[in-house]
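What follows is each chain in one-letter form.
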2 protein chains.
Amino acid sequence: MQRTEHHASFGGRQEVWQHASTSTGTDMKVGVYLPPAALKGEQCPVLYWLSGLTCTEQNFITKAGAQQFAAEHNLILVAPDTSPRGEGVANDDAYDLGQGAGFYLNATQAPWAPHFRMEDYVVQELPALIEQHFPASAARGIFGHSMGGHGALTLALRHPGKYKSVSAFSPIVAPSQVPWGQKALKAYRGDDPAAWKQHDTVALIAGATERLPLLVDQGDADEFLAEHLRPELLQAACDKAGHPLTLRMQPGYDHSYYFIASFMADHLAHHARALRPER
Amino acid sequence: MQRTEHHASFGGRQEVWQHASTSTGTDMKVGVYLPPAALKGEQCPVLYWLSGLTCTEQNFITKAGAQQFAAEHNLILVAPDTSPRGEGVANDDAYDLGQGAGFYLNATQAPWAPHFRMEDYVVQELPALIEQHFPASAARGIFGHSMGGHGALTLALRHPGKYKSVSAFSPIVAPSQVPWGQKALKAYRGDDPAAWKQHDTVALIAGATERLPLLVDQGDADEFLAEHLRPELLQAACDKAGHPLTLRMQPGYDHSYYFIASFMADHLAHHARALRPER
């Protein structure tokens with residue numbers, strides 16, 4: 001692992017690392033915020049952030065204002081890029097497919113299958129790397145925005161026991177039923193409705209074996225709300241399954257990082273309650 | 001004035017406006033954060049932010065994390081672009097001269113004089129516009145970063161009574177004595193040492209008629225510290241003149257917005273004490 005950036009931030013340090021990923025077969029970049037306790041060598045829980053379409057590892061670390069609260073709760077924040085990138089990696093001219101749009105799954109279809117293995121990367125390779133190189137405990141939380149909210153919810157549901165806490169901002173909750181998700185699932189996983197449901201939060205909730213409480217914030221002025229996000233489908237699925245969900249519709253808020261920053265304190269507190277129960 | 005962006009943020013609203021400026025003769029963009037009280041129509045004090053070299057109105061509004069504290073203190077935040085821009089406006093290939101590098105003064109030299117009139121714009125035109133179009137009181141504060149820290153300090157010193165509070169992050173305090181400043185002052189104001197001193201904080205402190213207390217934060221790992229910033233010259237000038245200065249050297253911090261965000265709460269509290277003395 002090679003450090004490419006480091007900046008003092010709220011008594012801790014925001015770093016960016018680059019490494020050759022065995023999952024994606026590419027160099028991957030990842031933002032790592034080390035809170036004050038981690039700089040002193042204390043083992044800290046790790047909270048993973050998954051970004052949305054078109055983002056890199058930079059969006060969250062520069063715009064979300066999370067370091068302030070990670071410092072307060074002494075959580076390590078890890079924010080990877082949203083897909084493999086580079087020459088030799090398949091791509092598409094659209095913003096919602098290919099590089100910048102990995103959808104946090106392992107692709108099975110050409111031309112995506114060789115490199116687009118973001119589920120393996122986020123769930124297996126990255127935590128192993130973080131727990132080896134930083135003063136990180138094995139207590140993990142996961143959250144994200146939009147496509148990354150989809151990633152956080154589906155990965156937590158697909159890997160019971162891996163994460164102690166989960167939350168999302170404006171997540172794509174039912175990719176099988178909305179245009180962004182249908183396009184990506186068809187391209188990456190093929191024309192197989194059963195394969196799609198393995199990566200669909202609303203479908204996964206029905207079979208969830210672990211009752212991890214979900215915190216979801218959604219702006220009601222979000223330009224993608226009615227077509228791509230549809231939180232009412234998540235509410236209905238959780239109601240039916242008896243899955244604990246706190247869905248907060250936030251009046252006037254849109255899909256931007258201005259929205260994310262506004263409720264970051266609440267999300268960090270939600271994760272800290274699960275990741276640092278001793279406090 | 002035309003609104004080009006608006007986003008709910010911390011119970012208030014982050015907006016971007018564009019308008020034809022009579023000072024610069026160009027269209028200017030400006031970020032305006034309206035805190036919750038302003039959205040209810042209450043008159044609020046206005047805190048002006050001046051950005052550094054290469055910045056537009058976007059850097060501060062997306063990266064500084066100031067909205068959270070502006071909402072808490074109910075201050076309007078106004079963050080203009082750093083220079084005139086566009087076709088027909090003089091420019092230079094260097095990052096530290098021309099568009100993106102207005103230095104918050106009125107240029108007297110060719111080819112800059114026609115449009116580079118940022119002092120008039122920031123001190124006269126913009127406050128008049130803000131106080132006309134928004135629920136803004138006449139209580140004004142000013143702060144900024146690097147070239148914008150220079151702008152905040154010099155404009156407050158040059159216009160006694162205009163601002164009730166001032167602060168800066170990593171300001172260029174002695175442009176007459178450092179390469180960034182010498183290059184800009186020579187280009188914009190000509191080869192006249194007397195003209196330079198009118199835009200040099202260290203030189204202005206000696207003749208200050210108003211004892212506005214200065215709050216300055218400076219990272220000691222700032223890559224521009226020794227060559228361009230030299231806060232020790234400000235400390236010496238303030239000591240000599242008996243001008244109140246709180247200069248805080250922040251260990252490990254660099255020149256980035258990660259540094260700015262880390263101490264934003266303190267700066268907003270500093271301005272709120274002067275701008276809302278009733279609280």
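Residues numbered from 1 in each chain as written. Chains lettered and ligands numbered in written order. Predicted model: local features only at pLDDT ≥ 70, side-chain atom pairs only at ≥ 80, totals over all residues. Heavy atoms only, no water.

An unreviewed UniProt entry lists chain A under the name S-formylglutathione hydrolase, from Ottowia beijingensis. In its Function (unreviewed entry) section, UniProt records this for chain A: "Serine hydrolase involved in the detoxification of formaldehyde." Under the UniProt heading Sequence similarities (unreviewed entry), the note attached to chain A is "Belongs to the esterase D family." (UniProt positions renumbered as here; feature names shortened; annotations may be inferred.)

Undergrad: I'd like to hear about the overall build of chain A, residue by residue, with values.
TA: Counting its regular elements, chain A contains 12 helices and nine strands. For chain A, the spread of C-alpha atoms along the principal axes amounts to about 50 × 45 × 35 Å. Among the 279 residues that make up chain A, the fraction classed as buried is 64%. At a minimum sequence separation of 6, the contacts of chain A that also span at least 24 residues come to 71%. For chain A, the accessible area works out to roughly 10000 Å², and carbon and sulfur atoms hold 50% of it. Between the centroid of the 22 positive side chains of chain A and the centroid of its 29 negative side chains there is a distance of 6 Å. (Helix = DSSP H or I, 4+ residues; strand = E, 2+ residues; numbered from the N terminus. Buried < 20%, exposed > 50% of the residue type's maximum accessible area, 1.4 Å probe, protein only. Contact = heavy atoms within 4.5 Å. Areas by Shrake-Rupley, 256 points an atom, 1.4 Å probe, with all protein chains shown as cover. Lys, Arg positive; Asp, Glu negative; His and termini not counted. Charge placed at Lys NZ, Arg CZ, Asp CG, Glu CD.)

Undergrad: If you had to explain the UniProt feature "active site" (unreviewed entry) in chain A to someone new, which residues and values would you point to?
TA: All names here are of chain A. Taken from the UniProt record, the annotation "active site" (unreviewed entry) applies to Ser146, Asp222 and His255. Sequence-wise these annotated residues cover 110 residues; spatially they are packed, their C-alpha atoms never more than 10.8 Å apart. For aspartate 222, the location among the structural elements is in the loop between strand E8 (214-219) and helix H9 (225-229). Residue classification places aspartate 222 among the buried positions, given a relative accessible area of 5%. Mapped onto the fold, histidine 255 is located in the loop between strand E9 (245-250) and helix H11 (257-262). Those residues in contact with histidine 255 that sit more than four places away from it in its chain are His145, Ser146, Ser170, Trp180, Asp222, Glu223, Phe224 and Leu229.

Undergrad: Describe in detail the sheet that holds strand E9 (residues 245-250) of chain B, supporting the description with residues and values.
TA: All names here are of chain B. Overall, mixed pairing links the nine strands, which are arranged E1-E2-E3-E5-E4-E6-E7-E8-E9 in an open sheet. Of all strands in the sheet, those with a lone pairing partner are strand E1 (2-9) and E9, marking the two edges. Neighbour-to-neighbour, the strand axes of the sheet open up by a mean angle of 20 degrees, direction not taken into account. Strands in contact with helix H10 (residues 231-241) are strand E8 (214-219) and E9; relative to E9, the strand with the most contacts, it is inclined by about 155 degrees. Against the sheet, helix H12 (residues 264-275) makes contact with strand E4 (44-50), strand E5 (76-80), strand E6 (136-145), strand E7 (165-169), E8 and E9, and its axis sits at roughly 170 degrees relative to E7, the strand it touches most. (Pairing = 2+ DSSP bridges. Axes fitted to C-alpha atoms, helices over the stretch in contact; angles between N-to-C directions.)

Undergrad: I'd like a rundown of the side chain of B:Ser176, residues and numbers included.
TA: All names here are of chain B. Mapping serine 176 onto the fold places it in the loop between E7 and helix H6 (179-189). Here the side chain of serine 176 touches aspartate 200 through a polar contact of 2.8 Å, side chain to side chain. With residues up to four places along the chain from it excluded, the contact list for serine 176 reads Gln182, Leu185, Trp196, Lys197 and Asp200. (Polar contact = N/O pair within 3.5 Å; in protein donor to acceptor, adjacent residues only side chain to side chain.)

Undergrad: Let's hear about the relation of the copies chain A and chain B: which residues, and what values?
TA: Of the transformation superimposing chain A on chain B, the axial component is 0.0 Å and the angular component is 180 degrees, with the fit at an RMSD of 0.0 Å. Overall, the copies show the geometry of a two-fold rotation axis. Considering only C-alpha atoms, the part of chain A nearest the rotation axis is A:Lys63, at 2.6 Å. A shared binding surface is used by both copies, with 100% of the interface residues of chain A retained as interface residues in chain B. (Least-squares fit on C-alpha atoms with pLDDT ≥ 70 in both.)

Undergrad: Give me the lowdown on helix H5 (residues 147-158) of chain A, citing residues and values where you can.
TA: Residue and element names in this part refer to chain A. Taking 1.5 Å as the rise per residue, H5 with 12 residues should run 16 Å; its terminal C-alpha atoms sit 16 Å apart, in good agreement. Counting buried residues in H5 gives 11 out of 12 residues, a clear majority hidden from the surface. Buried residues of H5: Met147, Gly148, Gly149, His150, Gly151, Ala152, Leu153, Thr154, Leu155, Ala156 and Leu157, and no others. Tucked into the core, H5 has its buried residues touching strand E4 (44-50), helix H4 (118-133), strand E6 (136-145), strand E7 (165-169), helix H8 (201-206) and E8. (Expected span 1.5 Å × (residues − 1).)

Undergrad: Before we move on, can you summarise the interface of chain A and chain B with the specific residues and values?
TA: Across the boundary between the two partners, chain A contributes 21 residues, which contact 21 residues of chain B. Here chain A packs against chain B, burying approximately 1600 Å² in sum over the two surfaces, 53% of which is carbon and sulfur. On the chain A side of the interface with chain B, the three residues burying the most area are A:Ala8, A:Phe10 and A:Tyr258, jointly 39% of the side's total. Applying the counting rule to chain A against chain B returns zero salt bridges. Where chain A meets chain B, there are eight residue pairs in polar contact (both at pLDDT 80 or more). (Buried area = accessible area lost by both parts, 1.4 Å probe. Salt bridge = Lys/Arg side-chain N within 4 Å of Asp/Glu carboxyl O.)

Undergrad: Let's hear about the side chain of B:Arg276: which residues, and what values?
TA: As for its position among the elements, B:Arg276 is in the segment after H12. A polar side-chain atom of B:Arg276 sits 2.8 Å from the main-chain carbonyl oxygen of B:His73.

Undergrad: Help me get a handle on empty space enclosed by the protein, residues and values and all.
TA: All names here are of chain B. Inspection of the entire model under this criterion finds two cavities of 30 Å³ or more. Taken as a whole, the largest cavity encloses approximately 60 Å³ of empty space. Residue lining of the largest cavity: Ala156, Leu157, Val166, Ala208, Thr209, Glu210, Leu212, Leu214 and His243, and that is the complete set. Here the lining of the largest cavity is built from residues that sort into six nonpolar, two polar and one charged. (1 Å grid on protein atoms, 1.4 Å probe; cavity = no way out; pocket = protein on both sides within 12 Å on 5 of 7 lines; lining within 4 Å. Points joined across faces, edges and corners; volume = space filled by probe spheres on them. Nonpolar A, V, L, I, M, F, W, Y, C, P; charged D, E, K, R; others polar.)

Undergrad: Before we move on, could you go through the pattern of salt bridges and cite the residues and values that matter?
TA: Summed over the entire model, instances satisfying the criterion amount to 20 salt bridges over all chains. Across the salt bridge formed by B:Glu232 and B:Arg230, the nearest N and O atoms sit 3.4 Å from each other. Residues joined by salt bridges that share partners form a network here, namely A:Arg3, A:Arg13 and A:Glu15.

Undergrad: Describe the sheet that holds E9(A), with residues and values.
TA: All names here are of chain A. In space, the nine strands of this open sheet follow the order E1-E2-E3-E5-E4-E6-E7-E8-E9, with mixed pairing throughout. Only two strands of the sheet have a single neighbouring strand rather than two, namely strand E1 (2-9) and E9. This sheet shows a mean twist of 20 degrees between the axes of neighbouring strands, independent of strand direction. Against the sheet, helix H10 (residues 231-241) makes contact with E8 and E9, and its axis sits at roughly 155 degrees relative to E9, the strand it touches most. Relative to the sheet, helix H12 (residues 264-275) contacts E4, strand E5 (76-80), E6, E7, E8 and E9, its axis offset from that of E7 by approximately 170 degrees.

Undergrad: Pulling in residues and values, what's your account of the confidence of the model for chain A?
TA: Averaged over all residues, the pLDDT of chain A equals 97, while 100% of them reach at least 70. Model confidence for the complex: the whole-complex pTM is 0.97, and ipTM, which rates the interface, is 0.96. (pLDDT = per-residue confidence, 0-100.)

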